[in-house]
Amino acid sequence: MDPVIVAENLSKRFILRHNHAGELKVRFLGLFDQSKRETLEEFWALQGISATIGRGEAVGVVGRNGSGKSTFLKLVAGLHRPTSGRLLVARGARIGTMIELGVGFHGELTGEENVYLNTSIHGLSRADTESIYPDIVAYSGLEHFMDVPIKNYSSGMHMRLGFAVAAKLNPDILLLDEVFAVGDADFQQQCIDTITDFRARGKTIFFVSHSSDAVRKICRRVLVLEHGRLVFDGHVDEGLDFYTRLLTGEPAATGELATEYEAPASVE
Amino acid sequence: MNLPDRRRRPSASPGRLASLLLDLVIAVGSYPLAYRIRFAGPQFHGFLPYALKALPLVVGAQLLALIVCRVYSAERTRIALLRLLIASAIGTILGAALVLWFQGLTGVSRAAFSADWLLLASALGGWRTGRALWYQQSGRSAIRGTMIDRAVERPNLGDTIVSLYQYRELIKNLVMKDLKLKYRGSVLGFLWSLVNPIVMITVYTLAFTFVLRTAVHGFPFLLLIGMLAWSFFASAAAMSTGAIIDSGSLMKNVTFPRAILPIAAVIFNLTQYLLTVLVFLPIMLTVYRVTPAGPMLLYPAFLVLQVLFTIGIALLLAAGTAFFRDTRHLLEIALSALFWLTPIIYPLTQVPEKFQLLILLSPLSSFVVAYQQMFFYRQWPSFTVWAVGLTYAVGTFLIGSWLFLSVEDHLVEQL
């Protein structure tokens, strides 16, 4: 198997700033009042993660809120820098992220102008965009609205256009974070179909989700994260069972995967 | 946790003595050069012997201050730049005091000391920044066979310049977006950009012709040259403070070279500036019957220098605001002071002679004065203007790039 993402003992530390001294006022008050002084606290979002993801694999990542799923995804995307360990990503692979849809859209610009702006944010040239533009429009189903400013779009239209752009960028590695949580049944079905199609074409998929149904539909392998550590790596059925037991095992958890659940401050 | 701390740097570098020697050479060259900048031609030859006599005292004091302020023990860190700035100031003041003590006032120029300090600080800071950029460039390679290690990847100037070219479509689109947003839906559109300079020039011309009665012949033209160049800089600086912090969702979702955001802000203002110049310059040349002259061909050269300078400042401000939100307010104050320290609404020739050099050393003066010399006086920009402009442009650009790139990875965590 040809690896495209390799994590070795990967860790990420965030510095939490209490009373962030980004303002002069805070610095000044801190001179007199100990409690208003900026204090720094380490927070390890990921600790010692090791996993290898091969080309064409569809891997689901599940875990509670605050377990480090999104941080893992953002490290792979290159949005955050790892603190230690290694994180190898295939060179030259185009990485597509779907974290929020329609990021970078500007309300005053028309749909068409936004598509061109958005694809260039991902590094596409004008010629590249021109060749995929008809696909994007057809895929979003917004043919009649491309010359309308996006501020007049409904939130559903906004999202569909964002998804169409992200899908037609045709990435080699697709990083998805909870994009189905929003949107109606039709839209969710379109997302699932698109991703299934990606998988069929041998693209690598890294899918962060709370929804075990969606994970089961798309992925064969699942990683379970708990408090920044990798606690399970294996077949999707066993993994989701493991995750359900993990949730119900905790007295505070009610066991529903889709519910918002804040991780407790201390473990065990 | 037994993880290596990335912030730790090698504490001792074998090159300390080499750094000290290089600084010595620069300090020895800087003091006579400051005299050369202060005094023109024959005057300079009269003053040179005094300058050379004072040289050992000045250079000695400067190096002593650099050592005492521990510039050499904190090599290769960001704090070293700040220490350098302070140490060179202390050293120069100490040097001036020693010269006055031993030699008295004869042949000693206070303006030359200020120029010496600026030259010294920018040269010492400049080569250190160059070295830091080089280390960023030649850091551990992140490439592992067919893969790239995200933990080792670091932004550097070479890769950033290459990717700026790759992302030229994005820069163009960001500039176009701002232009469209600014003028879409307004009746006068681009004409609004012309109204502001016209009003300013009318008001200042009336004030300086009838109230203060200090205006030179052709004052509106002189004013226009400085005013347009100034508003390009001032609005680019103001816009760049928001370039990073107002693009939070973009920064959290998409990877692209972050430097694009402040650079696009500069290019947007440059575009506006050039369009305005294109309208006003022919009008002024016609109205004041100025025949085109050779020196005007140097306009693009100084424009490039001013753009480099502005990009350096924009990078500093964009990253600075992310870490320190007060930057915006500090900038407002700095801009209003800088406006009066730049010869825009008064010609440099009306400044008392002993302050002329100081005014010329204010960051934006060299560019404004160069434009005035080319278009208004139809002269070639003087040696001093070239020296100051070139130093500020290259120095600011390098320092801005280095500091921006060294914090680029942490910007997203500040939003």
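All values derive from a computational prediction rather than experimental measurement.

K.L.:
What is the right way to read the packing of helix 4 (residues 126-140) of chain A against helix 5 (residues 155-168) of chain A from this model?
P.N.:
For any two helices packed against each other, one specifies the inter-axial angle together with the distance between the axes. All names here are of chain A. It is the contact of helix 4 with helix 5, at a shortest axis distance of 9 Å, that shows an interaxial angle of 140°. Taken together, the axis directions place helix 4 and helix 5 in an arrangement best described as oblique. Viewed along their axes, helix 4 and helix 5 form a crossing whose handedness is right-handed. For the pair helix 4 and helix 5, contact is made by I132, D135, I136, Y139 and S140 and by R160, L161, A164, V165, A167 and K168, respectively. Here the contact of helix 4 with helix 5 is composed, by residue class, of seven nonpolar, one polar and three charged.

K.L.:
Is there a simple way to explain the nonpolar core in this structure?
P.N.:
Where a protein is soluble and globular, its nonpolar side chains tend to be buried together. Of all hydrophobic cores here, the largest spans 176 residues; its most connected members are V76, I205, F206 and F207 of chain A together with A314 of chain B. Among the elements that line this core, the one with the most residues is helix 8 (residues 219-245) of chain B, at 16 residues. F206 of chain A has contacts with I53, V59, V61, L73, V76, I173, L174 and L175 of chain A, leaving out every residue within four places of it along the chain.

K.L.:
Help me understand the domain arrangement of chain B in this model?
P.N.:
Frequently, the measure chosen for interface size is the accessible area removed from exposure when the parts meet. Residue and element names in this part refer to chain B. According to the domain assignment, chain B consists of domain 1 (16-137) and domain 2 (157-414). The partner domain 2 presents 17 residues to the 16 residues of domain 1 that form the contact. Broken down by secondary-structure element, the contributors of at least two residues to the side of domain 1 that touches domain 2 are helix 1 (16-38) and helix 4 (110-137). Grouping the amino acids of the side of domain 1 that touches domain 2 by side-chain chemistry returns six nonpolar, eight polar and two charged.

K.L.:
I tried to follow helix 6 (residues 168-183) of chain B on my own but got confused; where do I start?
P.N.:
An α-helical turn contains 3.6 residues, so any two residues separated by three or four positions project in the same direction. Here helix 6 of chain B is 16 residues long and its end C-alpha atoms lie 23 Å apart, about the 22 Å a rise of 1.5 Å per residue gives. Buried residues of helix 6 of chain B: E169, L170, N173, L174 and V175 of chain B, and no others. The inward-facing, buried residues of helix 6 of chain B contact helix 3 (111-121) and helix 4 of chain A together with helix 10 (260-287) of chain B. Two residues or fewer after helix 6 of chain B comes G185 of chain B, characterised by a positive phi angle close to 85°.

K.L.:
Even after reading the chapter, I still don't get unusual backbone geometry, so can you show me in this structure?
P.N.:
Negative phi values dominate among residues other than glycine, just as trans dominates among peptide bonds. With phi around 50°, N9 of chain A is a residue other than glycine that occupies positive phi space. We note that R378 of chain B has phi near 55°; this positive angle belongs to a residue other than glycine. Taking the number of C-beta atoms within 10 Å as the measure of exposure, R378 of chain B has 14 and is therefore partly exposed.

Each value, and the rule that gives it
- Residues numbered from 1 in each chain as written.
- Chains lettered and ligands numbered in written order.
- Predicted model: local features only at pLDDT ≥ 70, side-chain atom pairs only at ≥ 80, totals over all residues.
- Axes fitted to C-alpha atoms, helices over the stretch in contact; angles between N-to-C directions.
- Helix = DSSP H or I, 4+ residues; strand = E, 2+ residues; numbered from the N terminus.
- Parallel < 35°, antiparallel > 145°, perpendicular 65-115°, else oblique.
- Left-handed = near helix turned anticlockwise from the far one by under 90°.
- Contact = placed C-beta atoms within 7 Å.
- Nonpolar A, V, L, I, M, F, W, Y, C, P; charged D, E, K, R; others polar.
- Core = buried A, V, L, I, M, F, W, Y, C linked by C-beta atoms within 7 Å.
- Buried ≥ 20, exposed ≤ 12 C-beta atoms within 10 Å, placed from the backbone.
- Domains from an automatic or database assignment.
- Expected span 1.5 Å × (residues − 1).

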